[in-house]
Amino acid sequence: MKNLPKDYFLDADDELVEFLESQGEACIKEIYQSNTVNKENGYKLLSILIVGIGSSFLLLTQRPSWISSVQGLFSSSHGGHCALSI
């Protein structure tokens, strides 16, 4: 492509030029739509990630008193034999 003469495309007919322009416009439109969808999906994934990190942080920083309460609830309701292993 580097060695093509300057007048190589001068004899292209109007139909070919219109076809190539329409193909280029369609390609640009598809890329724009794809970028828009990817951006929206990226925002959704970022929101899910932030919520997951926040809930994990809250779960890890809270006092573990609720764990012992749940264990006590299950062990006392079944006569000391817990059906669920926690």
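In this numbering scheme, every chain counts its residues from 1 along its sequence in written order. The model is predicted, so local features are restricted to residues of pLDDT at least 70 and side-chain atom pairs to those at 80 or more, both for listing and for counting; the totals for chains, interfaces and linings are taken over all residues. Side-chain figures throughout are based on the complete set of non-hydrogen atoms in the structure, without hydrogens or water.

1. Overview of the overall build of the protein chain
- Going along the chain from the N terminus, every DSSP run of H or I of four or more residues is numbered as a helix, and every run of E of two or more is numbered as a strand. Broken down by element type, the protein chain carries two helices and zero strands.
- Burial here depends on accessible area, computed with a 1.4 Å probe over protein chains only, as a share of the maximum for the residue type. Under 20% is buried, over 50% is exposed, and the range in between is partly exposed. Going through the 86 residues of the protein chain one by one, you find that 0% of them count as buried.
- Here, Shrake-Rupley sampling with a 1.4 Å probe gives the accessible areas, and only protein chains in the shown set may cover a residue. Counting every atom, the protein chain has about 8,200 Å² of accessible surface; 63% of that belongs to carbon and sulfur.

2. Considering a negative patch on the surface
- Candidate patch residues must exceed 30% relative accessible area and have no salt bridge, after which like charges are joined if within 9 Å and Val, Leu, Ile, Met, Phe, Trp or Tyr side chains if within 5 Å. Any carboxyl oxygen of Asp or Glu that lies within 4 Å of a side-chain nitrogen of Lys or Arg is treated as forming a salt bridge with it. Counted as positive: Lys and Arg. Counted as negative: Asp and Glu. His and the chain ends are not counted at all. Every charge is mapped to an atom, namely NZ of Lys, CZ of Arg, CG of Asp or CD of Glu. A cluster of like negative charges, contributed by D7, D11, D13, D14, E15, E18, E21 and E25, occupies part of the molecular surface.
- Within the fold, D14 resides in helix 1 (residues 14-61).

3. What about a nonpolar patch on the surface?
- A surface patch of nonpolar side chains, amounting to about 530 Å² of accessible area, comprises Y43, L46, L49, I50 and I53.
- Within the secondary structure layout, L46 lies in helix 1.

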